[in-house]
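# Coordinate analysis (summary)
If you want the building blocks of each chain, they are given just below.
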Amino acid sequence: MMKTTFKTAILILGLCIISINSKAQNTDQKIYEIIQNVSADRIENDIRKLAGFGTRNTFSDTVSETRGIGAARRWIKSEFDKISTDCNDCLDVFYQKDYVTPKDGQRIPKEAWVVNVVAIQKGSKYPNRYVIMSGDIDSRNGDTMDFTTDAPGANDNASGMAGTLEAARVLSNYDFESSIIYVGLSGEEQGLFGGKGLAEFAKKEGWDIIGILNNDMIGNIEGVDGVIDNRSFRIFSEPVPPTETENERRMRRFYGGEVDGISRQLARYIHSNVETYMPEMNPMMIYRLDRFGRGGHHRPFNDLGFAGVRIMEAHENYNRQHQDIRTENGIEYGDVVSGVNFDYAKKLTAVNAINLASLAWAPPAPEKVEIGGIVEPNTKLRWEAVDAEIAGYKIYWRDTTSPQWQYSRFVGDITDFTLEGIVIDNYLFGVAAVGKNGHESLVVFPSGTFR
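Residues numbered from 1 in each chain as written. Predicted model: local features only at pLDDT ≥ 70, side-chain atom pairs only at ≥ 80, totals over all residues. Heavy atoms only, no water.

Take the state of the cysteines next. Counted according to the given criterion, the structure contains 1 disulfide. Through a disulfide, cysteine 87 is tied to cysteine 90; the S-S separation comes to 1.9 Å. In this structure the cystine formed by cysteine 87 and cysteine 90 twists about its S-S bond by roughly -80°; its chirality is therefore left-handed. (Disulfide = S-S within 2.5 Å.)

Take a look at the structure:
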């Protein structure tokens, strides 16, 4: 009896070792390298520089070299230009702008150009496929129409802009199959005008956008709720695209997929990648477009049918958000540099960087995924082949109440497969393409059925 128990224990231990080794082989050491290369010191320097422009209100001074939105965006462009010089002109840096007037919204006090700063790192295989990281250039104080009073915007959103610059510094040292865009967006506080302008520009140019990771406030760890947390962060994503058709809505009623839109798959991808490479972090998937009744710069991309999420701190401090700098009843108000935790901003910058890299190293996702298995004991899936050299495809499935993909099976380089004994009624399914380098595309939820 003792001998059998010992053999069983040895067998279990061996299986555990095989499992651990298998997981180790499925990770990419370059991802860990990217995490290590993100610098809290450089992020701090950038946040201090951006906050030092006094105000970055969209309608503030555009002529001064030391104050206002004009000086801020010129400095951001100069930083992208420096990064490009260091990587042998690997970035295409330019301004993208649109003109707004008071007729365009209630938060527009005068006519002005809303100017975005864009830096594109072109991919080697799929140059027209883009994954985007964004931060906001502009800031505001207690009155969004006040474009002269100080509004340093250290956390909202110099932190997101600094993170975007740092991601460009780190990732520009690598070559990717798909393109990466690093962008500073303007006009966020006046109605998401910068995101709207770039999303429309992308649509006009025919960009194939994998997704946008919008970073808005990634530096605060002291919540107004009294919680201090330097490891948790939120990933906001809408359930299904607003551009879906009436037929798609009707199909969802019978086949499911209420929480399986493209933005939700992007959120799951980020969550899974962080759990794999940054297990010390606590990613929180929030099933909502944005905070309650509020908005962010990923929304204009969602409005046009692109995948997009908002990444931000878990606990906000409203005393430091959209406030005039002052002290009242012993409480300090204002979005100043002392309210930013640079190590936390480094962590969330790394979260972005590893997901940008993973998606840019991954093959295109499979298209026209279809599912069958009605009144059968098995589930069948089929899809169109990806036009790329890949290792194969992986089928994912999960309980209908689970937020994350729980089960998976690599099926090789084929375009249809039957999961025997897996009843279609009890699970939700998806398919991803797997590159020879091990990186996976986003999971694609079935868009059609067959028998």
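Text resumes after the structure shown.
Here the focus is helix H5 (residues 154-171). Along its 18 residues, H5 runs 24 Å from first to last C-alpha, staying within 8% of the 26 Å computed at 1.5 Å per residue. The buried fraction of H5 is high, at 18 of 18 residues. (Helix = DSSP H or I, 4+ residues; strand = E, 2+ residues; numbered from the N terminus. Expected span 1.5 Å × (residues − 1). Buried < 20%, exposed > 50% of the residue type's maximum accessible area, 1.4 Å probe, protein only.)

Put simply, helix H3 (residues 40-51) and helix H10 (residues 342-361) touch, their axes get as near as 9 Å, and they point 110° apart. One finds that H3 runs roughly perpendicular with respect to H10. Contacts between H3 and H10 involve Ala40, Ile43, Glu44, Ile47 and Arg48 from the former and Phe342, Asp343, Ala345, Lys346 and Thr349 from the latter. (Axes fitted to C-alpha atoms, helices over the stretch in contact; angles between N-to-C directions. Parallel < 35°, antiparallel > 145°, perpendicular 65-115°, else oblique. Contact = heavy atoms within 4.5 Å.)

For any two aromatic rings, the description comes down to two numbers: the centre-to-centre distance and the angle of the planes. On inspection of all chains with the given rule, the structure shows 14 aromatic pairs. Relative to tyrosine 407, the ring of tryptophan 397 lies with its centre 5.9 Å away and its plane at 40°, an arrangement referred to as tilted. Of this pair, tryptophan 397 sits in strand S13 (residues 390-399) while tyrosine 407 is found in strand S14 (residues 407-412), placing the two residues 10 residues apart along the sequence. With a relative accessible area of 10%, tryptophan 397 lands in the buried category. With 6.3 Å between their ring centres and 70° between their planes, tyrosine 427 and phenylalanine 429 make a pair best called edge-to-face. When its relative accessible area of 1% is taken as the criterion, phenylalanine 429 is described as buried. (Phe/Tyr/Trp six-rings, centres within 6.5 Å; stacked < 30°, edge-to-face > 60°.)

All right, on to the sheet that holds strand S17 (residues 448-449) then. With respect to topology, 4 strands assemble into an open sheet ordered S15-S12-S11-S17, the strand pairing being mixed. Across the chains shown, the open sheet's two edge strands, defined by having one partner strand only, are strand S15 (416-419) and S17. In the sheet, strand S11 (residues 367-372) pairs with strand S12 (residues 379-384) via 4 bridges, with the strands oriented antiparallel. Following the sheet pairing, glycine 372 is matched in S12 by lysine 380. (Pairing = 2+ DSSP bridges.)

This next bit is on the pairing of strand S5 (residues 208-215). Of all 8 residues in S5, 7 are buried, a share of seventy percent or more. Taken together, the 7 bridges between strand S3 (residues 126-136) and S5 define a ladder with parallel strand orientation. If you follow tyrosine 130 over to S5, its bridge partner there is isoleucine 209. In this structure, S5 lies alongside strand S8 (residues 308-313), joined through 4 bridges in parallel fashion. Paired with leucine 213 across the bridge in S8 is valine 309.

Two side chains carrying opposite charge are able to pair once their charged atoms lie near each other. If you walk through the whole model with that rule in mind, you get 30 salt bridges. Linking aspartate 46 and arginine 169 is a salt bridge whose minimum nitrogen-to-oxygen distance equals 2.9 Å. Of this pair, aspartate 46 sits in helix H3 while arginine 169 sits in helix H5; the two residues are 123 residues apart in sequence, bridging distant segments of the chain. In this pair, the class of aspartate 46 matches that of arginine 169, namely buried. Of the charged contacts, one joins arginine 169 and glutamate 166 as a salt bridge, the two residues approaching to 3.0 Å between their closest N and O atoms. With a gap of 3 residues between them, arginine 169 and glutamate 166 both fall in helix H5, about one helical turn apart. Taken as a pair, arginine 169 and glutamate 166 share a single burial class, namely buried. (Salt bridge = Lys/Arg side-chain N within 4 Å of Asp/Glu carboxyl O.)

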